[in-house]
Amino acid sequence: MRVQGREEGEHKDLMTHHTNMSDAANKKEDHINETDTDPSCTITGLLASWDDFKLFQLTKFYRERLEPAMEGGVHGVSSMLTLEKLISGLDHAKVCELAEKGERAESSKLLLNLVMKKGSQARRVMWEAFVKIRNAVPKIDKILKEILDHGFVPYDYIKVTVDSSSLTGKLKDIQQKHQDTLKVQTEKLLVNTMLKHGTVRTFHLLDRYVDLTIISSVRDRMLVEHELLARGRDREEWREKSIQRELEKIRPDQLFHSSFSHRKSQNGSLAAVAGVAGIGKTTMVQKIVHDWATGKIYQNFQFVFFFKFRELNAINCTINLSNLIVIFYPYLRNILENLWENPEGLLFIFDGLDEFRDKIDFDNSQGDTESLLECTDPEFRCKMSTIVCSLIQHKLLPGCSVLVTTRPNFLHVLEMAEINVWAEILGFVGEERKEYFNRFFEDEALAEAVFKHVEENEIMYTMSCNPSCCWIIGEALGTFFSQKGKNHQQVPKSITQLYSYYIYNILKNHGRHVENPRDVLLKVGKMAFAGVSEKNVVFQAGDLIQFQLQPSQFLSGFLMELLEGEDSPRNMVYTFPHFTIQEFVAALAQFLTPDYGEILKLLNEAHGTADGRFDVFLRFVAGLSSPGSAGPLEEFLGPFPDRTVCQVVDWVREMVEREIENIGGDTGNRNLLNTLHYLFESQNTEVAQATVGPVETLSFSYLQLSPNDCTVLNHAISFCDTIKHLDLQSCALQCDGIQRLGPTLHKCQNLGLVKYQLGDAGVKPLTEALMKPDCKIQKMRLENNSLTASCAEDLVSAVTAIHSLTDLQLGYNKLGDAGVNKLLSDALKNPQCNIQSLGLSFNGLTASCAKDIASVLTIKNSLKSLNLSSNEMGDSGLKWLSVALRNPASKLQKLGLWAVGLTASCAKDLASILSETHSLTELDLGFNKLGDSGVEILSEALRKPNCKIEELGLDHNDLTASCTKVLGSALSQNSSLKGLGLCFNDLQDSGVKQVAAALSGPDCKIQSLRLKSVGLTDSSTDDLVAVLSNATSLKELDLRSNTFTDNSIIMLRRLITAQKTLEQIQLAENQFSSDGKTQLRALQGIRPKLNVII
């Protein structure tokens, strides 16, 4: 309260000062906007032009957004404030301590409170800090861009949006009546239920309402609605963006908060909220109306009008806005003229644009003359769509505000409208799911049991982000868990089992209302299948007639009746409570039909449909072949035909076998994963064992796997005897995926989790999953996973406990010296560790770490391969390594020192490694700066008989032709070297000739010579062919990225033809014509194993 009081006092003190300076500041602001082009310079100048009062209002205006936005940059802002002595060192320490403990929200809140308490200079420095950190903190950057784009001072905008709800006399009384009416209309929530007899139960809105996660942007305006397939992957994709701090949350009471507005508007605000089916759009709107009616939010609006497009469909004649209001709110008839005088005090809410039958076309792209009509007068009679369109476009009652909700695939309709705030409902996140189930069940123990089961089943957990899916889960599992003594081993685990129990509950409670439920469900299923085929979710009365169905109490258990007009059957439409229920009933119909001859044709055609519309349907068909899923339904519907069941089981078997054979590539891997979903739903252990049991390699790299997918993959691997290679590179699942795969990862010999977004938190569950007595893991790739020193302890546990692990790749992480030192001292020096190959490239290591690495090399004689590339080891770090490698105790055979900052100064140390090490055979020194002088020193080491090096990389080392005479001479005398890389050095024709000549010597055994981008021209080909034709050991030659033209083709063909040992020659990225390339490719088959790459 003290901070707030200070702010209010400061507001008054600054007001007078602001009035005197405002005009001058505005002129300066205009000048800045006209002249500056660099965004940071522009915003800096803009801030400098604002007086303290404007900056105070700016901070106050954005405060609710600044708290979460600052979470990613509290250290930087706090440091700058401390440096300017505006907050104390103790306060800075408190802010940083909270952030480091992971309590970023509290840290940001504390810092902002401190800034507001310290006064105007602190606020100015804070905003200056925002400019400095904007590139690293996306939410801050977004706010700064908005300030520039809007081109207005928030104070000026705030003056327009102050509270306008004060009314007097008769209007005040009518407003109270309107609020009372809306309160009554919205305080009850109707919920379909099968847990008790009857189809609908009534609850108080506040007893059932759970806050949803809403973001102030729309992820994909053309998103295809298919929650079960896309929702899990979509959720994970946007979780990644949340981690990057890009998505901003917005509350329902902030939809007309102008700091979230994408554009400045003088005519009122327009907000659009999107969300997939069942995500809670209508319930959210109901809560908004109820909260306004009870005085909790949006009190700047005098009147709120709430319409459902579903109800507006019943208006088939022309109408004016005044009559529309009177139809829904007749008591407002006599005050409408008064309301129209102050449109800024009006809020119109339209729910369910996707359900509106009339066409809304803001840009008249269809050329419809009707769409050209505009309504500017509340008394003007026109089509309902024209009224809606005119309100949204601010043509009718300019100044009023409008809120529209819709499914994402209808957002394109609004793209031409001037939307101020775009928002999307993501659904339940984190504890919001648990709260839903606590409110769904009156019994606390029942709620806990159901939620625990949902948590343990990732498929259900992913579904439960959608409130509608939560309802389905609650309906299905509630009955099951509420029955005492029920065998919990039979609790539904697959989606098919879950939906089977859901339909079972309907049949149990309503089956008595129909003589032949099997026949009715068959007809409903046929209609549902037609809808799935045509992507139709709303059915007319004509559809019921077509499929010989009549409205009944039994039918209402499956279909929701939606009243679209007057209370008569002809104005009723029907929809399934959720699209997945429609898909399930469509699948169920395949087991109820007496005509089972066409089932295989139907399954194959559905499986071959590319757009995925049948994917979930097919999963349900596979699942219903399982006795566990079919059993409860057969109690009421009679037995499923054995022939149909067998045909489906055989089809699943055939599909899995076919996709296993076709594994490879994105399409093949995705198809295999989809068929593994069929296998999972079928719960057929015999088929699973027969089909995936022999599988040894599985690769799903670059597929965006959902936690659902990982559960299915875990199920498949559980039937495999041994997985030699599991590749999950770039699946972006973090530790969620590891937890789902955990039970079977120990069966893998080669596990690839490259770019998996594992993070430090994911290492622990991974190591725990692998630390089993029968763990078979031999190679584990964890490159590019954002690992830091914090996970070193868990890595140590894995390396020392998993005795089968011999190859560990940790490149492209951030372990640093501290993390690697921990790994070296506690793991590699441990006798229990059997690591033979260790990759530490791109880990931020320095020369300080080299000493510890060196000590390991002399102790750990099992270590054969070490990659330290792209770390700043430098010449000093190399000195430590050279001492260790010369030690007879070192058994290292392969060392990667690519791009570690070496110069000619360390050449003597390198030479000692080449000539004195006892075991090293491969050394990569590419992308350093050894230069000609350094390589000349190395060349002397290559001459020595003790040199055992077989593979040497000298790519990109600033070499020229000056060093090649000495190098060539050394190569001619070296009999150990088999591979040499000289790519990206300016050797030119003369230099390459010197090197190539060495290959014709009797002692030279080089098999692979890499000369990519070394400056070769057509002038070199005669000499090159002459010397290389006598290189009796040469097998691979890389001549890419030089400047050969067609003039060299004759000599190159002669080389390829004459050099009988040559197996591969690379000539891509030269300057051959199409005809020249054809001539070279024609040599491809002249000799077995010969590969000519153009």
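Since the model is a prediction, treat every value here as computed from it, not as a measurement.

J.: Before we go on, may I ask you to explain the sheet that holds strand E4 (residues 270-274) in this structure?
T.: Hydrogen bonds between backbone groups are what pair the strands of a sheet, and the pairing can be parallel or antiparallel. Spatial strand order, E3-E8-E4-E7-E6-E5: 6 strands in an open sheet with mixed pairing. Looking at which strands have only one partner, the edges of the open sheet turn out to be strand E3 (213-215) and strand E5 (303-308). Pairwise comparison of adjacent strand axes, ignoring direction, gives a mean angle of 20 degrees for this sheet. Sheet topology places E4 next to strand E7 (residues 401-406); 5 bridges connect them, and they run parallel. Residue pairing for E7: Ala272 is matched across the bridge by Val404. Here helix H13 (residues 281-293) sits on the sheet and contacts E3, E4, E5, strand E6 (346-351), E7 and strand E8 (421-427); the angle it forms with E6, its principal contact strand, is near 160 degrees. Contacts from helix H15 (residues 321-328) reach E5 and E6, with the element oriented near 85 degrees to E5.

J.: I would appreciate a short explanation of the packing of aromatic side chains in the present structure.
T.: Here a ring pair, both rings aromatic, is described through the centre-centre distance and the interplanar angle of the planes. For the coordinates displayed, the defined rule picks out 35 aromatic pairs. With a centroid separation of 5.7 Å and an interplanar angle of 90 degrees, the aromatic rings of Tyr436 and Phe437 are classed as edge-to-face. Both residues of the pair, Tyr436 and Phe437, belong to the buried class. Taking the centre distance of 5.3 Å and the plane angle of 50 degrees together, the rings of Tyr499 and Phe620 count as tilted. A residue pair is termed long-range when its members are at least 10 positions apart, and Tyr499 in helix H22 (residues 495-510) and Phe620 in helix H27 (residues 615-624) qualify at 121 residues. Relative accessible area serves as the criterion here: at 0%, Tyr499 is assigned to the buried category. Classification of Phe620 by relative accessible area gives buried; the value is 1%. An aromatic cluster is present here, built from Phe303, Phe305, Phe307, Phe309, Phe328, Tyr329, Tyr331, Phe348, Phe350 and Phe356 joined pairwise through their rings.

J.: Can you help me understand the pairing of E5 in this one?
T.: A regular strand places its side chains so that they alternate between the two faces of the sheet. E5 sits mainly inside the fold: 5 of its 6 residues count as buried. Looking at chain direction, E5 and E6 are connected through 6 bridges and run parallel. The residue of E6 that forms the bridge with Phe306 is Ile349.

J.: It is not clear to me how the pattern of salt bridges should be interpreted in this structure. Could you clarify?
T.: Pairs may arise between side chains of opposite charge once their charged atoms sit close together. Counted according to the given criterion, the structure contains 21 salt bridges. For the salt bridge of Glu355 with Arg310, the shortest nitrogen-to-oxygen distance reads 2.8 Å. Taken together, the residues span a long stretch of sequence, with Glu355 in the loop between E6 and helix H17 (384-392) and Arg310 in helix H14 (residues 309-312) at a distance of 45 residues. For Lys993, the salt bridge identified is with Asp1023, shortest N-O distance 3.6 Å.

J.: Even after reading the chapter, I still don't get unusual backbone geometry, so can you show me in this structure?
T.: Leave glycine aside and you will find that most residues have negative phi; peptide bonds, for their part, are mostly trans. Residue Gln683 is not a glycine yet carries a positive backbone phi of 50 degrees. Structurally, Gln683 is set in the loop between helix H30 (665-682) and helix H31 (685-692). Since its relative accessible area comes to 31%, Gln683 is described here as partly exposed. Despite not being glycine, Lys1089 has its phi angle at roughly 75 degrees, a positive value. Position of Lys1089 relative to the elements: it lies in the loop between helix H45 (1074-1081) and strand E25 (1091-1093). A relative accessible area of 69% places Lys1089 in the exposed class.

J.: What should I look at first to understand H17 in this one?
T.: Think of an α-helix as 3.6 residues a turn; residues three or four steps apart then line up on the same face. For H17, the buried fraction is high: 9 of the 9 residues fall into the buried class. Every buried residue belonging to H17 is among Met384, Ser385, Thr386, Ile387, Val388, Cys389, Ser390, Leu391 and Ile392, and all of these are buried. On its buried face, H17 is in contact with E4, H14, H15, E6 and E7. A positive phi of about 65 degrees marks His394, the residue just after H17.

J.: What should I look at first to understand the pairing of E6 in this one?
T.: Of all 6 residues in E6, 6 are buried, a share of seventy percent or more. Covered by surrounding structure in E6 are Leu346, Phe348 and Phe350 together with Leu347, Ile349 and Asp351, the residues of both alternating faces. Across 5 bridges, the pairing between E6 and E7 is parallel. Pairing of Phe350 across the sheet is with Val404, part of E7.

The rules behind the values
Residues numbered from 1 in each chain as written. Predicted model: local features only at pLDDT ≥ 70, side-chain atom pairs only at ≥ 80, totals over all residues. Heavy atoms only, no water. Pairing = 2+ DSSP bridges. Helix = DSSP H or I, 4+ residues; strand = E, 2+ residues; numbered from the N terminus. Axes fitted to C-alpha atoms, helices over the stretch in contact; angles between N-to-C directions. Contact = heavy atoms within 4.5 Å. Phe/Tyr/Trp six-rings, centres within 6.5 Å; stacked < 30°, edge-to-face > 60°. Buried < 20%, exposed > 50% of the residue type's maximum accessible area, 1.4 Å probe, protein only. Salt bridge = Lys/Arg side-chain N within 4 Å of Asp/Glu carboxyl O.

The values reported here are purely geometric and, on their own, carry no functional implication.
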